[in-house]
Amino acid sequence: MDKSRFIVLCFFVVLLGACGVQEKETSADVRENAVVEGPALPPPTPAAEEQEAAPAPEEAETVSFDLALVGADGGRGDAAEAHAGYLDDDMTFMNLATEWEGDTAVVGSKVARFYPGVRVEKDEDLPALPEGIPLPFAALIPIRERLSNPEGDYYGFFEFEDNYNYFYLTEWEGQQGIVFGADLAGLNASTEKNLLTASMYAGGSRYEEFPPYAGYYPLADNEIDTLEKNRLALQRVRKKEYYLSLERPDDMISLYMNTARDKYTPLFITTDLVSQGLHLFFDQFLQQTEEKIFIPRLGRLTGVFLDRLEESDVTEDADDAYGKAVNTLITYFQVADCLIKLAPEIHIAKEDWGEEKIEYTEPDRDTVLALYPEKVREEVELICNAAGSALSPSFQYEEDYSQYKPRGHYTKNGVLEAYFRTMMWFGRIHFYMSDGQEAVISDDSEAMTQGSAASLSLDTLPMVAVATDIAVKNPDLFQDWKLLFDPITDLIGMSDDLSFYEAMPFFEGLHIEDLRAWTNDVEQVSVAILKAREELRSPLIAGNSVWEAPSGEGRTPPMGWRLFGQRFTWDSYVHQLVSPPRLMSRDIVRGLDIMKAFGSRTADNLLRISDYPEMAGLEETLGKIEEEFEAKDEAFWKESYYNSTLAMIRAQACFEPGAGFYFTESPLWGIKSQISAHGTWAALRHDTILYVKQVYAERAGDGDFNPTFRTEPLPLPVHYIEPNLPFFDAALSAVREIRESGRKYGFIGEDYEEKLASWDKLLARMTDIAYLEYKDEEVAPNDVEWIRTIPQQLVPLVLAPEMNYASYVEDEDILKSAIVADVFTNAEQGVALEVGTGIPYRLLVALNDGQGRKRIAVGFTFSYFEFLVGQSERMTNEEWREIVYPGDENMDEYLPFWSKGLMLEARP
């Protein structure tokens, strides 16, 4: 990359980068009491036996969102200067109306001739033809009659000048005569379409006015009207418009490939397509890593911890603090051990034709459960039932067991389900080390009430001490823990809770000589609790209800240790600060909060007309968070795969009106930017649903011989990549984070090395092209044509390695792209916020630049949904897909307010 280009890219990156517990309410109550214009609550998911005929959501009156409220003042900093000269061009369409009567054709050959005053009936007439009058290339001529050769051998074709075709009666300059069909384009096409063909020939597919076609697809009146108003149209797509297979393994990829079959349709490759491809790749990569590498490591680690604990000189009925700590830890690890043993065994079977098939053998559940004490069995039943909040039999505080319902890709098989439940157990059960209050020991202190964080710290801090002592004395065990903990840190982020990394130096600083004696000395433990309060960090995100679960002063999440604590992420951080009890005016958060915090003016405008007027402090809080993000340097956005994906989302949200391209300068593009960013965010939360700590809020062919032609090939259109340079920079960073982490921790094989290398190459070339588009410089013809192949190139990159060699997929439903993830819980209202994607929307985009001039390109973007469900009714992909497909249902019930009524109906 030359120096000037590097400076522009950096500038562009900076530019856009600046860019108390109540009784649970029923679903009806939630609907009634939810924030006005907030996410909608769907009906309960039908039982399995009723799913085939699952009813659509109760239809509500659809109110279209007023685009004028969005404004077109988005974009941060200067716009793309190279495109300034196009912005004021009128959005007008060619008038292809004609008074021609009858059939027409276009002169598509530069050797075409008109033979006046003659007609031919057989091959013997051809030598007598006069020299003929040259016909202008790209001229439109009438077609009066087709002349065939009844004596010819090939379907009535004439053999003339080394071609086989018919002759046609026509008129030219007031004379009647004939023309050879090999020189004509547009035979049997409408006159309007032939006028377009003539324009394509004459102008090299570079128009001075917009054609009322996308390629050769005629635009409907409502599509033209929307384009004239917005330079953009979003349109629903029916499921019947595409199909899924191993060759087309995703809704959006399949739609793009269908469109690309017509090489004359200009393609608009959206950032959404890249985001979707990376989501499919990462989700599959994570699944393979968890199933083949992480769960065996987890099982081994759990077993070693149990072995070391059971070697302790402690009886089951020990009533001293040390004995209780050891026995509780044994229960803690036995629960995990039982969950892992409930996973099916994996067998690799060979099919008769040589392909490998994975088979899963389920263990006998009763036999496994009989191996464990009653308390463990009770805990496992609560986890597997995932019914909602209940008192933990092991830890004597309220736990939200609905979080243990496998979601995301963890529903694909029993092994992944077991891994999900086990890691959720290790990620949620909290060993308190301090409550953040000064008075720790006081018999009459309110802080010492049963179940308080202060009381529990006296019991659980010794447990952390025992677990840490085992890790210190068993380096191999500690190394096994690191091999699970560290890769997740690299990919997603630091644990929001304390881990061995903080616990080891803390206990070393206490200089404990006899752990058993120290544990049984309540005064020394109390001193350690105070020391922890002074020296260790508290979590930034409340991962439990601070009313139902213990909390610190001011209802803050207490400090504590988790074996595999869920991860702090910056989007959860935003939602933490704008939800109760941190912000008491807000009951339910929105995806818009994230986009506003990232600097999107469109998101700010949408919140200004929805939430700001009613929710005191929201605008000020988000403004402060936005300033915090603006101060982050480039290295911050590349710290992990998760942060790099957040940078992609940020770039999408800030590529909005004001970016300076012809198609971006309307309020509807602001909505498109929000859909793209929200769709990428929904996919990210889906893929990492197990690891990211969720915020809790409260209070709120025609024969075997064809005619030949010598017509000039029609000029190909100029395809286009959405020129969002910061997005591609972040996407490349995300791919490289996966590769570096995989190499570092030994879970990336040759198959994935090749896929990641291909991803890197693909994104680098797309970045090069987008840079030229941004500068309005010419893209080489081979690169323009290469753009059309991008959807096809994604196919092998998004499939699991074993599927690359498969001949078919037994269940095509697994290829459906609709996904859902719960991202936020309001424990008092008893609801969870779901975000998801469905069948993509079609985009019709008015492009206007120096290379391709004016044209209507076709692309696809996410569909994005945001709605509430009951806290114990968190959705799986399978449940969500029962609602989304077959694709003709009214999905307005699930849309955020800002996208309702803006999509054109699907094409007939």
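Each value, and the rule that gives it
- Residues numbered from 1 in each chain as written.
- Predicted model: local features only at pLDDT ≥ 70, side-chain atom pairs only at ≥ 80, totals over all residues.
- Heavy atoms only, no water.
- Phe/Tyr/Trp six-rings, centres within 6.5 Å; stacked < 30°, edge-to-face > 60°.
- Helix = DSSP H or I, 4+ residues; strand = E, 2+ residues; numbered from the N terminus.
- Buried < 20%, exposed > 50% of the residue type's maximum accessible area, 1.4 Å probe, protein only.
- Lys NZ or Arg CZ within 6 Å of the ring centre and 35° of its normal.
- Pairing = 2+ DSSP bridges.
- Axes fitted to C-alpha atoms, helices over the stretch in contact; angles between N-to-C directions.
- Parallel < 35°, antiparallel > 145°, perpendicular 65-115°, else oblique.
- Left-handed = near helix turned anticlockwise from the far one by under 90°.
- Contact = heavy atoms within 4.5 Å.
- Patch = residues over 30% accessible without salt bridge, like charges linked within 9 Å, V, L, I, M, F, W, Y side chains within 5 Å.
- Areas by Shrake-Rupley, 256 points an atom, 1.4 Å probe, with all protein chains shown as cover.
- Salt bridge = Lys/Arg side-chain N within 4 Å of Asp/Glu carboxyl O.
- Lys, Arg positive; Asp, Glu negative; His and termini not counted.
- Charge placed at Lys NZ, Arg CZ, Asp CG, Glu CD.

Chemist: Explain the packing of aromatic side chains here, please?
Modeler: To describe a pair of aromatic rings, you give the distance between the ring centres and the angle between the ring planes. Summed over the entire model, instances satisfying the criterion amount to 68 aromatic pairs. With 5.9 Å between their ring centres and 35 degrees between their planes, Y332 and W425 make a pair best called tilted. With Y332 in helix α7 (residues 321-341) and W425 in helix α10 (residues 414-428), the pair connects residues that are 93 residues apart, well separated along the chain. Using a relative accessible area of 0% as the deciding quantity, one classes W425 as buried. Directly above the ring of Y662 sits R231, whose terminal nitrogen or CZ lies 3.8 Å from the centroid.

Chemist: In this structure, what is going on with the pairing of strand β13 (residues 232-235)? I would like to understand it.
Modeler: Every other side chain in a regular strand lies on the same face of the sheet, so the side chains alternate between the two faces. With burial as the criterion, each face of β13 is covered, one bearing L232 and L234 and the other bearing A233 and Q235. Bridge count for β13 against strand β25 (residues 841-849) is 4 bridges, and the pairing is antiparallel. For L232, the partnering residue across the bridge sits in β25 and is V845.

Chemist: It is not clear to me how the packing of helix α6 (residues 271-310) against α7 should be interpreted in this structure. Could you clarify?
Modeler: Pairs of packed helices are described in terms of their axes, by the angle between the two and the distance that separates them. For the pair α6 and α7, the least separation of the axes is 9 Å and the interaxial angle reads 150 degrees. The angle between α6 and α7 places the two elements in the roughly antiparallel class. The chirality of how α6 crosses α7 is left-handed. Residue-level contacts link L298, G299, T302, F305, L306, L309 and E310 of α6 to V326, L329, I330, F333, Q334, A336, D337 and I340 of α7.

Chemist: What should I look at first to understand the sheet that holds β25 in this one?
Modeler: Strands belonging to one sheet form pairs held by backbone hydrogen bonds; the direction of such a pair is parallel or antiparallel. What the 3 strands build is an open sheet, ordered β13-β25-β26; its pairing is antiparallel. Lying at the two open borders of the sheet, with one neighbouring strand each, are β13 and β26 (853-861). Strand-to-strand twist of the sheet, defined as the mean angle between neighbouring strand axes without regard to direction, takes the value 20 degrees.

Chemist: Before we go on, may I ask you to explain unusual backbone geometry in this structure?
Modeler: In this structure, the amide linkage connecting P580 to the following residue, P581, adopts the cis form with an omega of 5 degrees. Along the chain, P581 falls in the loop between α16 (570-577) and α17 (591-597). A positive phi angle, close to 65 degrees, is found at D162, a residue other than glycine. Here D162 shows up in the loop between β6 (158-160) and β7 (163-165). Notably, D776 is not glycine yet its phi reads approximately 55 degrees, a positive angle. With respect to the helices, strands and loops of the structure, D776 is situated in the loop between α23 (750-774) and α24 (781-787).

Chemist: Whenever I open this one, helix α13 (residues 500-510) confuses me. Can you help?
Modeler: The α-helix winds at 3.6 residues per turn, so residues separated by three or four positions along the chain end up facing the same way. Among all positions of α13, only F500, E502, A503, M504, F506 and F507 are buried. H511 lies just past α13 and shows a positive phi near 55 degrees.

Chemist: What's the story with a negative patch on the surface in this structure? I'm lost.
Modeler: Together, D123, E124, E151, E159 and D162 make up a negatively charged patch on the protein surface. Within the element layout of this structure, E151 appears in the loop between β5 (145-147) and β6. Exposure remark for E151: the relative accessible area of 57% places this residue in the exposed category.

Chemist: For this particular structure, what's the right way to read the pattern of salt bridges?
Modeler: Pairing is possible between side chains that carry opposite charge, provided their charged atoms lie close to one another. Considering all chains together, one arrives at 47 salt bridges under this definition. R516 serves as the salt-bridge partner of D320, at 3.8 Å between the closest nitrogen and oxygen. With D320 in the loop between α6 and α7 and R516 in helix α14 (residues 515-519), the pair connects residues that are 196 residues apart, well separated along the chain. On the basis of relative accessible area, D320 is assigned to the partly exposed category, the value being 21%. Ionic pairing is found between E535 and K531, a salt bridge with its closest N-O pair at 2.5 Å. Pair noted here: E535 and K531 are both in helix α15 (residues 522-535), with a separation of 4 residues, about one helical turn.

Chemist: So what exactly am I meant to see when it comes to the side chain of S666 here?
Modeler: Relative to the elements of secondary structure, S666 occurs in the loop between α20 (641-654) and α21 (667-687). Using a relative accessible area of 3% as the deciding quantity, one classes S666 as buried. Setting aside its immediate chain neighbours within four residues, S666 contacts N230 and P657.

Chemist: What is the right way to read the sheet that holds strand β24 (residues 831-837) from this model?
Modeler: An order of β21-β23-β24-β27 is seen for the 4 strands of this open sheet, with the pairing classed as mixed. The strands lining the two open edges of the sheet, one partner per strand, are β21 (695-697) and β27 (864-870). Strand-to-strand twist across the sheet, computed as the mean angle between neighbouring axes with direction ignored, equals 35 degrees. Pairing between β21 and strand β23 (residues 819-826): 3 bridges, direction parallel. Paired with V695 across the bridge in β23 is F824. Against the sheet, α21 touches β23, β24 and β27, its axis set at about 85 degrees to β23.

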